[in-house]
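Geometric and topological summary
Next come the chains, spelled out residue by residue.
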Amino acid sequence: MSHSTGSPNDVEAGSNRSGDDEESSNVFDITRTKHAPIDRLRRWRQAALVLNASRRFRYTLDLKKEEEKKQTLRKIRAHAQAIRAAFLFKESVTQENGILPPKPSSAGEFPIGQKEIASISRDHNFTTLQQYGGVKGLGELLKTSLEKGIPGSDDDLLKRKTAYGSNTYPRKKPRSFWRFLWEACQDLTLIILMVAAVASLALGIKTEGIKEGWYDGGSIAFAVLLVIVVTAISDYKQSLQFQNLNEEKRNIQIEVIRGGRRVEVSIYDLVVGDVIPLNIGDQVPADGVLITGHSLSIDESSMTGESKIVRKDSKEPFLMSGCKVADGNGIMLVTSVGINTEWGLLMASISEDTGEETPLQVRLNGVATFIGVVGLTVALLVLCVLLVRYFTGHTTNADGTTQFVAGKTKFGKAIDGAIKIVTIAVTIVVVAVPEGLPLAVTLTLAYSMRKMMADKALVRRLSACETMGSATTICSDKTGTLTLNQMTVVESCACLKKVNDSDGKPDLSPKISSLIIEGIAQNTTGNVYVPETGGDVEVTGSPTEKAILQWALKLGMNFEATRSQSSILHVFPFNSEKKRGGVAVKLPNNEVHIHWKGAAEIILASCTRYIDDNDQVVAMDDNKLMLFRKSIEDMAVGSLRCVAIAYLPYELENVPTGEQQLADWAMPADDLVLLAIVGIKDPCRPGVADAVRLCQNAGVKVRMVTGDNVQTAKAIALECGILHADSDLSELLIEGKDFRELSDRRREEVAEKISVMGRSSPNDKLLLVQALRRRGHVVAVTGDGTNDAPALHEADIGLAMGIQGTEVAKESSDIIILDDNFASVVKVVRWGRSVYANIQKFIQFQLTVNVAALVINVVAAISSGAVPLNAVQLLWVNLIMDTLGALALATEPPTNHLMDRLPVGRREPLITNIMWRNLLIQAVYQITVLLILNFRGKSILNLEHDSTDHADKVKNTLIFNTFVLCQIFNEFNARKPDEFNIFKGITKNYLFMGIIAVTLVLQILIVEFLGKFTTTVRLNWKHWLISVVIAFISWPLAVVGKFIPVPETPFHKYFTRSPPFKFITRIFHWRRERAEGSQ
């Protein structure tokens, strides 16, 4: 079997995509919809040939609604700002007149009501806050401890929800089933058929009486209604799946302090009075006021519309729901939730439009439009031929009499005959225009997204699902993705020697231990909770923070006592660019200690002294520096993450005194005293080496991008299989600072080769993504930090981590990996390829039906003036082909076979040479057999001695039955276009088997019992056997066909040079120019 695999410069690998964002002459060629301009999206809609726009474009971005949404946002923001300005004016008048604020009204058991709280937080009323006693006084009114939070009992939570509401907002009702039914009715061809059915019904009853005359019109009407109902049910079920996925996306987990413990709760479970720690990258989950903060900066652009970072402190303590923490950290008190917040009002006012086009959807609209134009041309040809034959007296009845004789045939009968001809032509359009083709993408994406949830991947953007099938490289983080993120300190170095553990406790002098404990306890975003009733100590925070806190506990740290012994003056939050974090603390004796913690070699480079065995501060000469560096290198080679802890004694008089000056103070970070270096073990995830190997076999290169030491990265990469011991590592390894210093051209060359980047900053990751994309790669990137957002945004597929990822990273991503596991990333690649493969299966199946049905009816109409497949039969075929066929083939689960191929090129033709071969073999076979039955059926079936009317009905019924059975058998062929065993895995696909069974049962019922409606007669067992045998031959024929080799040059390249294609292209350009001119 021929199977084209791409070379490095082949489109299959996507490498000729030198500028996927460039304008293409083909309006349907949008390879990247992630940041596609609105006018490009509008153009392809205008160029598409569409019978039912409301259905066809349902899951694409509603461009009109998008503009309305922006206007609503502007109005609400302006409204909020006007209210705030009014309150500021009112406040200034109050202050001038010396009027005291009203006493707070109570809310249940709480001394302050919702209205009073709203006037403080939503209107940023600082004066009223002060009059209530500041944040502390507000906490007392809300019965909240600012240190330990609310009690958190079920009874307490219920009281707070009753008094102040829950953190939810009213959502606009989703579309009902009746709305889908109404949209399905808006198909232009179905409307014409219903009009034709009503006219036929009226004429039939008038000429033949109600008993016999209603069959023709009634059967068409029933078939149309069946198509509408089945379509609506399929679309409605699909929309429910998207609804459930949207709920998952909104349900963010938030860390809160309740009863002194840090616990994770759903954002919907937050209540007024909750105390929430905020860290860089978090979303502010409700309105509130700041309790304490260190360098806390908030991005309020989502609320104000201005991309301005606002510094928060005791003078500007108000926090708005929906904003993001841009820098620093802090603790907030929740004052308003849900609809009582500005964000809640905003969310309740706009409906979240989940519509979004995917490149495949746009391309399929192009395919559907092209097929539709051909089908429309054929239908018009059939209409003209049949009308000319009818009105010139060349169309005869079954008994040989002429149907229309000028001047003799009654007007009503002539109109009835013309209506039947129009009905046939319109039905050909129904079958020819594949409305279900672009919708099959949404169907397979909805199915895939639901199944991917089970594989720990939450899809935020539909297009990412299919783009993953084209991914040629994955740039992965190390920590938590390739490793378990279960960190423990296994080695430490202090006083120029390795620290030994005696009875589980590190062997360090009291002085150095106390300094290390002080630095760890104060310079952390983690927490240690010791239950009052006894029990295990609970350590919370990031995995690195937890590992270091647990090591400090071994040293004898009492977390709360240590923190209470000194007060924090200033904090420099850990920064992934600087790779360190620091804190300045004031001791009871007025001494100041500045503690730093971060990447070992970066902290070591800032140290000029260390503490020796005698607790003396000693200058660090070059030899000592080399010894410390050697310790770091030894730990890194053992795949340990190295963190250094240092401090600097400082004079109190040199510390700024004013709040603003202190906030802007750049803490000294040089001339430090090294206290210790710790080596943290983070084991590789089980199965990650297999997942990496699977990617490499599938033509997807895995690159590790980490902020860790290059040696640590190298050791983990060797363990994971990203690097191999026998490779030339000099070209495969690079440090972030070396990479960013390269010229653009050189950076592209290096990016192509490297497998591991160590000590990288988020900006280095962005540069790598840009370089790889310029080289034509389809890039997937994992990220968890706020600073990863630009790289996630720039990449073709941004993958955020569900556990360690910040809200900013998640919002910039396309897919969230819920378990932070690299193996789940590989599953997403498999699902992406599955989406593409399933669409191709459906295209192959649908085009076979299209070609066969069109050719059979056209040839029969032109040669004899009658068509073997009537309107009702064609509508049934359309139902099998569009809705049921899509359901059966678009929901095939992925197989390992998909990972044996190279990535799918984004400019590779949708209909491959293999598909053309398969569909042409089946279509030619069906056309040949059915045309033979149409013209020679009476003699082959020995029907010459029957009445002409009965013989024609038996022959046409056999053609219809054989045609439908051929499609049922061909559905099995479509499952495996390039494999011989078409039954592989079929028992696992219950939906496929169910649809085949339902189709077969309905076909038997139609032929045997519904003849009056479908103009068919009952078939005897011989005729059924003939139908089954003809349909069965399609299986061995498909096997034989797969031995026929296909050329590597895509067929469409020969086809696009043909005059008919150039003519159709000219029509497209003409429509596009007209649409643009009318704007």
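Predicted, not measured: the structure shown is a model, and the values here were computed from it. (Residues numbered from 1 in each chain as written. Predicted model: local features only at pLDDT ≥ 70, side-chain atom pairs only at ≥ 80, totals over all residues. Heavy atoms only, no water.)

Right, let's get into the packing of helix H34 (residues 913-940) against helix H35 (residues 948-975). Two packed helices can be described by the angle between their axes and the distance between those axes. Their axes nearest at 9 Å, the elements H34 and H35 cross at an angle of 170°. With respect to H35, the axis of H34 lies roughly antiparallel. When the axes of H34 and H35 are compared, the crossing they make is right-handed. (Axes fitted to C-alpha atoms, helices over the stretch in contact; angles between N-to-C directions. Helix = DSSP H or I, 4+ residues; strand = E, 2+ residues; numbered from the N terminus. Parallel < 35°, antiparallel > 145°, perpendicular 65-115°, else oblique. Left-handed = near helix turned anticlockwise from the far one by under 90°.)

End to end, H35 covers 41 Å across 28 residues, agreeing with the expected 40 Å (1.5 Å per residue, within 8%). By the criterion of burial, H35 is predominantly enclosed, with 23 of the 28 residues buried. (Expected span 1.5 Å × (residues − 1). Buried < 20%, exposed > 50% of the residue type's maximum accessible area, 1.4 Å probe, protein only.)

The next subject is the pairing of strand S10 (residues 488-494). Note: S10 against strand S22 (residues 672-681), 5 bridges, orientation antiparallel. Counted as the bridge partner of Val489 is Ile680 from S22. Pairing between S10 and strand S11 (residues 497-498): 2 bridges, direction antiparallel. When the bridges of S11 are listed, Ala494 appears paired with Lys497. The loop that links S10 with its antiparallel partner S11 comprises 2 residues; one of these, Cys495, has a positive phi angle of about 55°. (Pairing = 2+ DSSP bridges.)

Taken across its 13 residues, strand S7 (residues 324-336) has 10 buried, putting it largely inside the fold. By the bridge criterion, 4 bridges tie strand S3 (residues 275-278) to S7 in an arrangement that is antiparallel. Looking at S7, one finds that Val275 is bridged to Leu333.

The final tally for this structure, using the stated rule, is 32 salt bridges. Here Lys312 makes a salt bridge to Glu316, at a shortest N to O gap of 3.6 Å. On the accessibility criterion, Lys312 (3% relative accessible area) is buried. The residue Asp738 makes a salt bridge to Lys737 at a minimum N-O spacing of 3.7 Å. According to the relative accessible area criterion, Asp738 is partly exposed, its value standing at 35%. You can call Lys737 partly exposed: its relative accessible area is 42%. Ionic contacts of the salt-bridge type, sharing partners, join the residues Glu300, Lys312 and Glu316 into one network. (Salt bridge = Lys/Arg side-chain N within 4 Å of Asp/Glu carboxyl O.)

What follows concerns the UniProt feature "transmembrane region" (unreviewed entry) in the protein chain. Here the UniProt-annotated "transmembrane region" (unreviewed entry) positions come out as residues 180-205, 217-236, 367-391, 421-447, 990-1011 and 1023-1044. Between the C-alpha atoms that bound residues 367-391 the distance is 36 Å, and the span itself is 100% helix and 0% strand. With 82% helix and 0% strand, residues 1023-1044 has its two end C-alpha atoms placed 32 Å apart. (UniProt positions renumbered as here; feature names shortened; annotations may be inferred.)

Take a nonpolar patch on the surface next. A cluster of nonpolar side chains, Val998, Val1001, Leu1002, Leu1005, Phe1009 and Leu1010, forms an exposed patch at the surface whose accessible area comes to about 510 Å². Residue class for Leu1010 comes out partly exposed when judged on its relative accessible area of 33%. (Patch = residues over 30% accessible without salt bridge, like charges linked within 9 Å, V, L, I, M, F, W, Y side chains within 5 Å. Areas by Shrake-Rupley, 256 points an atom, 1.4 Å probe, with all protein chains shown as cover.)

Okay, the packing of helix H28 (residues 744-753) against helix H29 (residues 762-774) next. Their axes nearest at 9 Å, the elements H28 and H29 cross at an angle of 85°. Overall, the two elements H28 and H29 adopt an arrangement that is roughly perpendicular. Note on element contacts: H29 touches H28 through Leu767, Leu768, Ala771, Leu772 and Arg774, opposite Asp744, Arg747, Glu748, Ala751 and Glu752. Residues of the contact of H28 with H29, tallied by class, amount to 5 nonpolar, no polar and 5 charged. (Contact = heavy atoms within 4.5 Å. Nonpolar A, V, L, I, M, F, W, Y, C, P; charged D, E, K, R; others polar.)

The strand order across the open sheet built from 8 strands is S8-S28-S27-S26-S9-S23-S25-S24, with neighbouring strands paired in mixed fashion. Each end of this open sheet is capped by a strand with a single partner; those strands are strand S8 (457-459) and strand S24 (733-735). Across the sheet, the mean angle separating the axes of adjacent strands is 20° when strand polarity is ignored. The strands that H29 touches are strand S9 (473-476), strand S23 (701-705), strand S25 (756-758) and strand S26 (779-783); relative to S26, the one it contacts most, it runs at about 170°.

What follows concerns unusual backbone geometry. Within the chain, Lys456 stands out as a residue other than glycine whose phi angle is a positive 65°. Residue placement: Lys456 occurs in the loop between helix H16 (436-454) and S8. You will see that Arg759, though not glycine, has its phi angle at about 45°, which is positive. Examined against the element boundaries, Arg759 turns out to sit in the loop between S25 and H29.

So, about the side chain of Thr891. Of note, Thr891 is situated in the loop between helix H33 (871-889) and H34. Residues within four places of Thr891 in sequence aside, it is in contact with Tyr447, Asn838, Ala886, Asn989 and Leu991.

All told, the structure shown has 16 aromatic pairs when counted by the stated rule. Relative to Phe983, the ring of Phe972 lies with its centre 5.9 Å away and its plane at 55°, an arrangement referred to as tilted. Linking Phe972 in helix H35 with Phe983 in the loop between H35 and helix H36 (990-1009), this pair joins segments that are 11 residues apart in sequence. Residue Phe972 is classed as buried on the basis of its relative accessible area of 10%. Of the residues examined, Phe983 reaches a relative accessible area of 36% and is grouped as partly exposed. (Phe/Tyr/Trp six-rings, centres within 6.5 Å; stacked < 30°, edge-to-face > 60°.)

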